[in-house]
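What follows is each chain in one-letter form.
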Amino acid sequence: MGYEVAAKDDLLRKFMEKNKLDGVLLRRRDTFSWITGGKENYIVRSTEEGFVDLLITKEKKYCITNKVEKFRIFDEEIQGLGFEALEYEWWQDGVVCIVNNVLQGGSLGSDTDFIGATNIYEKLQELRASLLPCELDRYKDLALQCTEAVENTCLEIKVGDSEHEVCANLVYKAMKNGIDPMVALVASDERIFKYRHPIPTDKKIEKYAMVVICGRKNGLVANLTRFVHFGELDAELLIKRNKVLKIEAEFIKNTTVGNTVANVLKSGINKYAEVGYKDEWQLLHQGGATGYMNREYIATPDMSKVIQLNQPFTWNPSIAGVKLEDTFIVTENGAEVITQSDVWPMIEVDLGNGVSILRPDILVV
């Protein structure tokens, strides 16, 4: 923890010097977790802004908090990380006054829109894109736990279970390991073919189920999707599965250090056309970089962002009724899938040049 926080402090202060900033204000949950090595500042799970702010200047680090939150934050989150408390009463809107008093008119960058500050959130996302070794270790632990939660949930599905029941089981399996299921989706049968982001309903499962999670722990987010089918797959579903495998293979093999995100997306779009589904990519975003958000950004055809070493990605190509989604790390030797287990049926997919990768199949029970 000490090395990670020190490395990020140094990285942020070099960023401040380069961008001529006297201070940086961090208010979001993801940036708080990043700079503190995986700690949390939230109370309400559904918001991206936390309830405690951090102000980093050239010389000091401050934690701006009301008196209610101060004790827990310092006891359980940032103890020993070198922050000095600047507090206000819970009924006051004290952050603006405190920041102004500290900076005395100096230049300020913020991860949100804030009075007198430049919004630098996208630049901060670039700073954290390449994960440190200690972050990768935490990420792989989280990814395995998310994988187990999803796959064990799938293995326990019975015909007649409602989507809500399955989702409740998924959320339980995630949260008992300290994972915040920021996205938890379950759909079945015709709803999988009709909707790309189907939230769970009271519908009873008949033959086919999809289970999705974007799980956050220690600030990092792992993403995956799995499918279960009761009885043999029909010919159309098999064809779609095989075509989505080819599309995702195109995304993965092109996600290499130094390539642009736009180039990768265009290669995937071309593969959609090649397999006979030219416009299908328009019906769901295709994914992008992940890490401290379920998607740090969503890839678009005109995006100029460059892929970095040790950057996590999640692509999610789909054809109505079938989708692939896993989290992987961009390494010097290609994609390292981290949401993967030994219990799920897999298919070996050729990436070309003698390279192959294992991808999840539809579980047939």
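Rules and cut-offs
- Residues numbered from 1 in each chain as written.
- Predicted model: local features only at pLDDT ≥ 70, side-chain atom pairs only at ≥ 80, totals over all residues.
- Heavy atoms only, no water.
- Pairing = 2+ DSSP bridges.
- Helix = DSSP H or I, 4+ residues; strand = E, 2+ residues; numbered from the N terminus.
- Contact = heavy atoms within 4.5 Å.
- Axes fitted to C-alpha atoms, helices over the stretch in contact; angles between N-to-C directions.
- Salt bridge = Lys/Arg side-chain N within 4 Å of Asp/Glu carboxyl O.
- Buried < 20%, exposed > 50% of the residue type's maximum accessible area, 1.4 Å probe, protein only.
- Phe/Tyr/Trp six-rings, centres within 6.5 Å; stacked < 30°, edge-to-face > 60°.

### Re the sheet that holds strand β9 (residues 220-229)
Piece 1. On the basis of which strands lie adjacent, the open sheet formed by four strands has the order β7-β8-β9-β18 and mixed pairing. If you trace the sheet from one side to the other, it starts and ends with β7 (180-188) and β18 (363-364), each paired once.
Piece 2. Where β9 lies against β18, two bridges are found, and the strand directions are parallel. Residue pairing for β18: H229 is matched across the bridge by V364.
Piece 3. Packing against the sheet, helix α6 (residues 133-156) makes contact with β8 (208-217), β9 and β18, and its axis sits at approximately 25° to β9.

### What to know about the pattern of salt bridges
Piece 1. Considering all chains together, one arrives at 38 salt bridges under this definition.
Piece 2. Where E336 meets K140, a salt bridge forms, and the shortest distance between an N and an O atom there is 3.2 Å. A residue pair is termed long-range when its members are at least 10 positions apart, and E336 in strand β15 (residues 334-337) and K140 in helix α6 qualify at 196 residues.
Piece 3. Looking at E336, the relative accessible area reads 31%, which means it is partly exposed.
Piece 4. Residue K140 is classed as partly exposed on the basis of its relative accessible area, which comes to 33%.
Piece 5. Between E325 and R295 there is a salt bridge, and its shortest N-O distance comes to 2.8 Å. Of the two residues, E325 sits in the loop between β13 (322-323) and β14 (328-331) while R295 sits in the loop between β10 (287-289) and β11 (312-315), which places them 30 residues apart along the sequence.
Piece 6. Assessed through its relative accessible area of 12%, R295 is described here as buried.
Piece 7. Connected via shared salt-bridge partners are E151, R226, E248, D326 and R359.

### Describing the pairing of strand β2 (residues 49-57)
Piece 1. Burial runs high along β2: seven of the nine residues are buried.
Piece 2. In this structure, β2 lies alongside strand β3 (residues 61-66), joined through four bridges in antiparallel fashion. Considered in β3, the bridge of D53 is made with I64.
Piece 3. Taking the residues that link successive antiparallel strands as the turn, the β2-β3 hairpin has three residues.

### Remarks on the packing of aromatic side chains
Piece 1. Under the defined criterion, the tally for this structure stands at six aromatic pairs.
Piece 2. When the centroid spacing of 6.0 Å and the interplanar angle of 45° are considered together, the rings of F193 and Y208 count as tilted. Taken together, the positions of F193 in helix α8 (residues 190-194) and Y208 in strand β8 put the pair 15 residues apart, joining distant regions of the chain.
Piece 3. For Y208, a relative accessible area of 3% gives the class buried.
Piece 4. A ring pair is formed by Y208 and F227, whose centres lie 5.6 Å apart and whose planes are at 25°; its orientation type is stacked. In this pair, Y208 sits in strand β8 while F227 sits in strand β9, placing the two residues 19 residues apart along the sequence. For the pair shown, Y208 and F227 are each scored as buried.

Remember, this is a structural readout, not a statement about activity or role.
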